Amino acid sequence: MLRDSVRALSEAKIAPFAADVDEEGRFPQEALDALVANDLHAVHVPESYGGAGADALATVIVIEEVARVCGSSSLIPAVNKLGSLPVILSGSEELKKKYLGPLAKGDGMFSYCLSEPDAGSDAGGMKTKAVRDGDFWVLNGVKRWITNAGVSDYYTVMAVTDPEKRTKGISAFVVEKGDEGVSFGAPEKKLGIKGSPTREVYLDNVRIPADRMIGEEGTGFATAMKTLDHTRITIAAQALGIAQGALDYAKSYVRERKQFGKPVGDFQGVQFMLADMAMKLEAARQLTYAAAAKSERGDSDLTFQGAAAKCFASDVAMEVTTDAVQLLGGYGYTRDYPVERMMRDAKITQIYEGTNQVQRVVMARNLP
Ligand SMILES: Cc1cc2nc3c(=O)[nH]c(=O)nc-3n(C[C@H](O)[C@H](O)[C@H](O)COP(=O)(O)OP(=O)(O)OC[C@H]3O[C@@H](n4cnc5c(N)ncnc54)[C@H](O)[C@@H]3O)c2cc1C
């Protein structure tokens, strides 16, 4: 029922704008409005904080169905989870009440600020600093590649509070868009997910009350990594959705397109491509759903499974979308058809929340 209703909503209210959003590189406001109106913008927020209380699998299904029509729009529910999960996992009761309620109501989105210009895969090498000043912390630094920056009202920011301790000297904070000293860079010009703004976040003497720290001092990096264990599964979901959108389009196209006097879908060479695409996608889906169940239960092998799901599903999404372009021939290579957008959108799923090389490092360190 959930899948059917999100699919119907996505096809009616999000799909019609997906090509424009990509072409114009603009934020998908129509998608945000439709998702908020249907309580699907941040489904993971627990009911006790005014949210829909969706479990990890239901959240995956929502993201998957939105991504099936528009990769950029699927980053609304996905990044709301990424940004707010540190608060849910490690925040005080006061922080949860203060920030999860407005998020659930649709009054403000959440972003996640870990990466920096010189600290990507090696996020522990970050330079952003937070220095204690009485009942306040003062933050200075630059966060890079922040999804939905400028649109979101709330930002989970990881910053160094004790440079001697490396990752154990990093703490997490909630920073608000309106805090004095917060500003944003120009939107990045990207290959895909062009409707999802990616900007730098500048922190210039941002003075915030001490109770905005998420969890204890020095636990921020651990919280950031624990968050990714859960949210890499949402990137797998995004990858599945984008690939499913491309497969569905290619499937109907080959039935219509005629060459040599018959639909190209009658050729076994084409059928075998479709069979492989569907097979790989189904394998990725099963891995992702199993990982989502592990996320919900907090199983001890979640780190491996989350990385495996993200890595496998994103590699599959790249293969499936590339094959979908191939199945449309020259038409697939143009913006008159959606599969080239899907191929460009799929690429990012191999890069963010840890590149697929980094996922392999994570898996190798946590072999079952
Ligand atoms: C569109 C977009 C949105 C993003 N959104 C966010 C966000 O909301 N919040 C946020 O904090 N970050 C975000 N990111 C940042 C993203 O997570 C990083 O780009 C990513 O982790 C890689 O870091 P890097 O770009 O610095 O690459 P680098 O770390 O410089 O990597 C360069 C290459 O080296 C490889 N490499 C690095 N280390 C190893 C290793 N140990 N073994 C093998 N290979 C290795 C990488 O796989 C890659 O191929 C986003 C990025 C993009 C492009």
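Computed from a predicted structure; not experimentally measured. (Residues numbered from 1 in each chain as written. Predicted model: local features only at pLDDT ≥ 70, side-chain atom pairs only at ≥ 80, totals over all residues. Heavy atoms only, no water.)

### Digging into the nonpolar core
- One finds Leu274, Met277, Leu327 and Val339 to be the most contacted residues of the largest nonpolar core, which totals 47 residues.
- At the level of elements, α3 (56–69), α4 (71–90), α6 (220–256), α7 (268–297), α8 (302–327) and α10 (339–348) are the ones that each hand at least two residues to this core.
- Per-element tally for this core: the top contributor is α6, with 13 residues.
- The contact partners of leucine 274, leaving out residues within four places of it in the chain, are Leu247, Lys251, Val254 and Leu327.
- Counting 26 residues, the second largest nonpolar core, distinct from the first, contains Val45, Leu82, Ile170 and Ala224. (Core = buried A, V, L, I, M, F, W, Y, C linked by side-chain atoms within 4.5 Å. Buried < 20%, exposed > 50% of the residue type's maximum accessible area, 1.4 Å probe, protein only. Helix = DSSP H or I, 4+ residues; strand = E, 2+ residues; numbered from the N terminus. Contact = heavy atoms within 4.5 Å.)

### Section: empty space enclosed by the protein
- Applying the stated criterion across every chain yields a total of 1 cavity of 30 Å³ or more.
- By volume, the largest cavity amounts to about 30 Å³.
- Sorting the residues of the lining of the largest cavity by element identifies α1 (2–24) and α2 (29–37) as the ones contributing at least two each.
- In terms of residue count, α1 provides more of the lining of the largest cavity than any other element does, 4 residues in total.
- Here the residues of the lining of the largest cavity are counted per class, giving 7 nonpolar, 1 polar and 1 charged. (1 Å grid on protein atoms, 1.4 Å probe; cavity = no way out; pocket = protein on both sides within 12 Å on 5 of 7 lines; lining within 4 Å. Points joined across faces, edges and corners; volume = space filled by probe spheres on them. Nonpolar A, V, L, I, M, F, W, Y, C, P; charged D, E, K, R; others polar.)

### Digging into the environment of alanine 308
- Mapped onto the elements, alanine 308 comes out in helix α8.
- As for alanine 308 and histidine 41, which are separated by 267 residues in sequence, their C-alpha atoms are 26 Å apart.

### A few points about the site of the ligand
- The environment of the ligand is formed by 17 residues, the closest being Ser115, Ser121, Trp145, Thr355 and Gln357.
- Threonine 147 has a polar side-chain atom sitting 2.8 Å from a nitrogen atom of the ligand.
- Protein chains shield 64% of the accessible area of the ligand, which is 980 Å² for the free molecule.
- In a pocket analysis with a 2 Å cut-off to the grid points, the ligand is assigned to the largest pocket. (Near = heavy atom within 4 Å. Polar contact = N/O pair within 3.5 Å; in protein donor to acceptor, adjacent residues only side chain to side chain. Areas by Shrake-Rupley, 256 points an atom, 1.4 Å probe, with all protein chains shown as cover. Sits in = over half its atoms within 2 Å of the grid points.)

### Observations concerning unusual backbone geometry
- In this structure, asparagine 148 takes a positive phi of about 65 degrees despite not being glycine.
- Mapped onto the secondary structure, asparagine 148 falls in the loop between β3 (136–147) and β4 (154–160).

### Regarding the packing of aromatic side chains
- Considering all chains together, one arrives at 9 aromatic pairs under this definition.
- Within the aromatic cluster, the residues linked to one another by ring pairs are Tyr249, Tyr253, Tyr331 and Tyr337.
- In this structure, arginine 144 packs its charged tip against the face of tryptophan 145, placed 4.5 Å from the ring centre.
- In this structure, arginine 207 is placed above the aromatic ring of phenylalanine 136, and the distance from its NZ or CZ to the ring centre is 4.4 Å. (Phe/Tyr/Trp six-rings, centres within 6.5 Å; stacked < 30°, edge-to-face > 60°. Lys NZ or Arg CZ within 6 Å of the ring centre and 35° of its normal.)

### Digging into the pairing of strand β5 (residues 170–176)
- With respect to burial, β5 is a largely interior element, 6 of its 7 residues being buried.
- As paired elements, β4 and β5 share 7 bridges and run antiparallel to each other. Within β5, the residue paired with threonine 156 across the bridge is valine 174.
- In terms of strand pairing, β5 meets strand β8 (residues 213–214) through 2 bridges, oriented antiparallel. Counted as the bridge partner of phenylalanine 173 is methionine 213 from β8. (Pairing = 2+ DSSP bridges.)

### Notes on the layout of surface pockets
- Counted as a void, the largest pocket has a volume near 1100 Å³.
- Around the largest pocket, the lining is made up of 45 residues, and of these Ser115, Ile351, Tyr352, Glu353 and Gly354 lie nearest the centre.
- Every element with two or more residues in the lining of the largest pocket is listed here: α4, β3, α6, α10 and α11 (356–365).
- The biggest single contributor to the lining of the largest pocket is α6, with 6 residues.
- Grouping the constituent residues of the lining of the largest pocket by class yields 20 nonpolar, 12 polar and 13 charged.

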